[in-house]
Amino acid sequence: MKYRCVQCGFGIKTLFVQYSPGNIRLMKCENCKAIADEYIECELMIILIDLILHKPKAYRHLLYNVLNQQTVELEGLLWKSTVTFLLFDAYRSLLLLRNKEEQSSALSFPSLVWRSQQIFMDVFVGNLIFLCVFVLATRVLLKISVGFSSCGDMLLAILVSSYFKMFLVAMMVWEFPSSVIFIIDLFVLSSNVVAIKVFTGSATSKCIGACFCAHALKLLATQVPLLQYHQVLTLKHL
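Residues numbered from 1 in each chain as written. Predicted model: local features only at pLDDT ≥ 70, side-chain atom pairs only at ≥ 80, totals over all residues. Heavy atoms only, no water.

**Section: the pattern of salt bridges**
Here is step 1: For the structure on display, the rule yields five salt bridges.
Here is step 2: Across the salt bridge formed by Lys 55 and Asp 50, the nearest N and O atoms sit 3.5 Å from each other.
Here is step 3: A salt bridge links Arg 92 to Asp 185; the nearest nitrogen and oxygen atoms lie 2.8 Å apart. In this pair, Arg 92 sits in helix H3 (residues 74–97) while Asp 185 sits in helix H7 (residues 179–200), placing the two residues 93 residues apart along the sequence. (Salt bridge = Lys/Arg side-chain N within 4 Å of Asp/Glu carboxyl O. Helix = DSSP H or I, 4+ residues; strand = E, 2+ residues; numbered from the N terminus.)

Rendered as structure tokens:
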């Protein structure tokens, strides 16, 4: 089956039948007898709102019926999503390092290059730990053996469901307290939980456990170097 019913997750061959341009008939699910995917006729803003509200049917529409091998090139999308994800994480680390003293003091070019290298290295290591812990947690908690292909699909689900990181861009324009960054982290965590629940069909509590363990160790791996680097900068300015 190429697609899924957004209501129950049952496999379906086609979502609609097109009679003429602009004249389509939505197909019904053979399992629950409801419209398989009513989001086809919805505006993008409605889909986005339902994703923010963490509605599982919106995630089924996105993960199964939009990000489908028949409609997009998943390998290219995976690489683009990974690079974007790492850049957002690097910018998040940069925001946590930035303070009034750093803004007022000028950094030399070598120091700026060294700081950027350290941030990207910490972000890469942190996300590598996140991926390893998450794969281990799916085996232990979700009782799912993740193969190479399914690991790629699950990783894409994690990356796409981390769209809340885009709100970090707003901090380029407006000044927000650092607590907003951790609020965004919580939204990313909850969105990942819904995506994994939809993708695996596991219990919510187990999905929360798997995502929380991975995010907690990633946070620990990235925050400790940031604190150490901040202390070094503070000592240099004394």
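**As for the packing of H3 against H7**
Between two packed helices, both the angle of their axes relative to each other and the distance between the axes serve to describe the pair.
Here is step 1: Remark: H3 packs on H7, axes separated minimally by 10 Å, with the N-to-C direction vectors making an angle of 150°. On the basis of the axis angle, H3 is roughly antiparallel to H7. Of H7, the residues touching H3 (which contributes Arg 92, Leu 95 and Leu 96) are Ile 181, Phe 182 and Asp 185.
Here is step 2: Across the contact of H3 with H7, the residue classes tally to four nonpolar, no polar and two charged. (Axes fitted to C-alpha atoms, helices over the stretch in contact; angles between N-to-C directions. Parallel < 35°, antiparallel > 145°, perpendicular 65-115°, else oblique. Contact = heavy atoms within 4.5 Å. Nonpolar A, V, L, I, M, F, W, Y, C, P; charged D, E, K, R; others polar.)

**Some details on the environment of Thr 222**
Here is step 1: With respect to the helices and strands, Thr 222 occurs in helix H8 (residues 204–237).
Here is step 2: Looking at Thr 222, the relative accessible area reads 7%, which means it is buried.
Here is step 3: The spacing of Thr 222 and Asn 127 is 95 residues in sequence and 8.9 Å in space, taken between C-alpha atoms.
Here is step 4: What Thr 222 contacts, discounting residues up to four positions off in sequence, is Asp 122 and Gly 126. (Buried < 20%, exposed > 50% of the residue type's maximum accessible area, 1.4 Å probe, protein only.)

**Looking at the nonpolar core**
Here is step 1: Leu 51, Tyr 59, Leu 95, Leu 168 and Met 171 are the most contacted members of the largest nonpolar core, which totals 28 residues.
Here is step 2: Elements supplying a minimum of two residues to this core: helix H1 (44–52), helix H2 (56–66), H3, helix H6 (148–160) and H7.
Here is step 3: In terms of domain composition, this core takes at least three residues from each of domain 1 (16–68) and domain 2 (73–236).
Here is step 4: In terms of nonpolar packing, the next biggest core, distinct from the first, is built from twelve residues, Phe 130, Ile 196, Cys 211 and Ala 214 among them. (Core = buried A, V, L, I, M, F, W, Y, C linked by side-chain atoms within 4.5 Å. Domains from an automatic or database assignment.)

**Some details on the packing of H1 against H2**
Here is step 1: In the contact formed by H1 and H2, the axes pass within 8 Å of each other and the chain directions differ by 120°. In this structure, H1 crosses over H2, and the sense of that crossing is left-handed. Seen from H1, the contacting residues are Ile 47, Asp 50 and Leu 51; seen from H2, they are Ala 58, Tyr 59, His 61 and Leu 62.
Here is step 2: By residue class, the composition of the contact of H1 with H2 is five nonpolar, one polar and one charged. (Left-handed = near helix turned anticlockwise from the far one by under 90°.)

**Let's talk about the pairing of strand S3 (residues 16–20)**
One face of the sheet, then the other: side chains in a regular strand alternate in exactly this way.
Here is step 1: Pairing geometry for S3 and strand S4 (residues 23–26), over four bridges, is antiparallel. The residue of S4 that forms the bridge with Ser 20 is Asn 23. (Pairing = 2+ DSSP bridges.)

**Here's the deal with H3**
Here is step 1: Compared with the 34 Å implied by 1.5 Å per residue over 24 residues, the 34 Å span of H3 between its first and last C-alpha is a close match.
Here is step 2: Turning to H3, its buried residues are Leu 74, Leu 78, Ser 81, Phe 85, Phe 88, Asp 89, Ala 90, Tyr 91, Arg 92, Ser 93, Leu 95 and Leu 97. (Expected span 1.5 Å × (residues − 1).)

**Examining the UniProt feature "transmembrane region" (unreviewed entry) in the protein**
Here is step 1: The sites that UniProt annotates as "transmembrane region" (unreviewed entry) are residues 119–142, 154–174 and 180–199.
Here is step 2: Annotation note: span residues 180–199, helix share 100%, strand share 0%, distance between end C-alpha atoms 28 Å. (UniProt positions renumbered as here; feature names shortened; annotations may be inferred.)

**Some remarks on unusual backbone geometry**
Here is step 1: Here Lys 33, not a glycine, exhibits a phi torsion of approximately 65°, which is positive.
Here is step 2: Tracing the chain through its elements places Lys 33 in the loop between S4 and H1.
Here is step 3: Looking at Lys 33, the relative accessible area reads 58%, which means it is exposed.
Here is step 4: With phi around 60°, His 54 is a residue other than glycine that occupies positive phi space.
Here is step 5: Of note, His 54 is situated in the loop between H1 and H2.

**A closer look at the state of the cysteines**
Here is step 1: Counted under the stated rule, the structure contains zero disulfides.
Here is step 2: For the unlinked cysteine Cys 207, the closest cysteine sulfur is that of Cys 211, found at 6.6 Å. (Disulfide = S-S within 2.5 Å.)

**Notes on the packing of aromatic side chains**
Here is step 1: Counted according to the given criterion, the structure contains four aromatic pairs.
Here is step 2: With 4.9 Å between their ring centres and 25° between their planes, Phe 164 and Phe 187 make a pair best called stacked. Of this pair, Phe 164 sits in the loop between H6 and H7 while Phe 187 sits in helix H7, and the two are 23 residues apart along the sequence.
Here is step 3: In this structure Phe 164 comes out as buried when scored by relative accessible area, which is 6%.
Here is step 4: Phe 187 gets classed as partly exposed once you look at its relative accessible area, which sits at 39%.
Here is step 5: One aromatic cluster in this structure is built from Tyr 163, Phe 164, Phe 167 and Phe 187.
Here is step 6: In this structure, Lys 165 is placed above the aromatic ring of Phe 85, and the distance from its NZ or CZ to the ring centre is 5.0 Å.
Here is step 7: Its end group placed over the ring of Phe 130, Lys 218 keeps NZ or CZ at 5.5 Å from the ring centre. (Phe/Tyr/Trp six-rings, centres within 6.5 Å; stacked < 30°, edge-to-face > 60°. Lys NZ or Arg CZ within 6 Å of the ring centre and 35° of its normal.)

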